[in-house]
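# Notes for the structure review
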Amino acid sequence: MQDSRPILAIVGRPNVGKSALFNRIVGRRISIVHEESGVTRDRVSAMARWDEKSFEVVDTGGIAFMDDEKTDDILAGASRQQAEIAIAMAAAIIQVVDVTAGVTPLDLEIARKLRTSGKPVFLAVNKVDNPSRQSGVGEFSELGFAQTFSIAAIHGLGVQDLVETATASFPVTAEVEAPRPVKIAIVGRPNV
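Now for a look at the structure at hand. (Residues numbered from 1 in each chain as written. Predicted model: local features only at pLDDT ≥ 70, side-chain atom pairs only at ≥ 80, totals over all residues. Heavy atoms only, no water.)

## Some remarks on the side chain of Thr167
Here Thr167 lies in the segment after α5 (159-166). With a relative accessible area of 2%, Thr167 lands in the buried category. A polar atom in the side chain of Thr167 sits 2.7 Å from the backbone oxygen of Val163. (Helix = DSSP H or I, 4+ residues; strand = E, 2+ residues; numbered from the N terminus. Buried < 20%, exposed > 50% of the residue type's maximum accessible area, 1.4 Å probe, protein only. Polar contact = N/O pair within 3.5 Å; in protein donor to acceptor, adjacent residues only side chain to side chain.)

## Observations regarding a negative patch on the surface
Negative charge collects at one region of the surface, where Asp51, Glu52, Asp161 and Glu164 lie side by side. Here Glu164 is to be found in helix α5. When its relative accessible area of 33% is taken as the criterion, Glu164 is described as partly exposed. (Patch = residues over 30% accessible without salt bridge, like charges linked within 9 Å, V, L, I, M, F, W, Y side chains within 5 Å. Areas by Shrake-Rupley, 256 points an atom, 1.4 Å probe, with all protein chains shown as cover. Salt bridge = Lys/Arg side-chain N within 4 Å of Asp/Glu carboxyl O. Lys, Arg positive; Asp, Glu negative; His and termini not counted. Charge placed at Lys NZ, Arg CZ, Asp CG, Glu CD.)

## A word on the sheet that holds strand β6 (residues 148-150)
On the basis of which strands lie adjacent, the open sheet formed by six strands has the order β2-β3-β1-β4-β5-β6 and mixed pairing. In this open sheet, the two edge strands, each paired with only one partner strand, are β2 (44-50) and β6. Direction aside, neighbouring strands of the sheet carry axes that sit 25 degrees apart on average. Here strand β4 (residues 92-98) runs beside strand β5 (residues 121-126); their pairing, made up of six bridges, is parallel. Bridging from a neighbouring strand, Val97 pairs with Val125 of β5. (Pairing = 2+ DSSP bridges. Axes fitted to C-alpha atoms, helices over the stretch in contact; angles between N-to-C directions.)

## Thoughts on the environment of Ala124
With respect to the secondary-structure elements, Ala124 resides in strand β5. Remark: the alpha-carbon pair of Ala124 and Val16, spanning 108 residues in sequence, is separated by 9.9 Å. Discounting residues that sit within four places of it in the chain, Ala124 has contacts with Ile94, Gln95, Val96, Val97, Phe149, Ile151 and Leu162. (Contact = heavy atoms within 4.5 Å.)

## Things to note about the packing of aromatic side chains
With the rule as written, the count across this model stands at one aromatic pair. On the numbers, 5.6 Å between centres and 65 degrees between planes, the contact of Phe55 with Phe170 is edge-to-face. Of the two residues, Phe55 is situated in strand β3 (residues 53-59) and Phe170 in the segment after α5; the sequence distance between them amounts to 115 residues. Across this residue pair, the class does not change: Phe55 and Phe170 are buried. Across the ring face of Phe145, the terminal group of Arg115 is positioned such that the distance to the ring centre comes to 6.0 Å. (Phe/Tyr/Trp six-rings, centres within 6.5 Å; stacked < 30°, edge-to-face > 60°. Lys NZ or Arg CZ within 6 Å of the ring centre and 35° of its normal.)

Set out below in structure tokens:
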């Protein structure tokens, strides 16, 4: 039986806080959060429950280069392909950007790609963890999204409003099924 829960995809360029947001939404540390760019390379997904809604959250490794650029980095190419698959599968998408970096050309290109996806996209301006950073949020209106959310994913600030809005069209679901335990038997002769 295939799970038909909606998918919420988190996309953006590397090192903007996608994994921190993913961990905050799913309520546990699954994705590695590190200041070094490129730590998350594969799609990571987990089930989440938020306000009586169950859905799958997908953390992508990030889109690290422009459409017209070529790269010899096989991992960056694979990461981009995984992000594109997540976008195609998603019922809703959150684009994460970094207020401390301002709008970058790659942010603009990702936003253009997401606007053409036909999916609802919600912009999360991350790392807004003090009042002085709030003044930089307005600059991201250049990305062209109707709704912008100021968040600090690592601290949970603003995440509630973002997730409630992004999942507003998701169906209310019954209790979440507990994962089935995996049983493993280890056999062999003694002292091996």
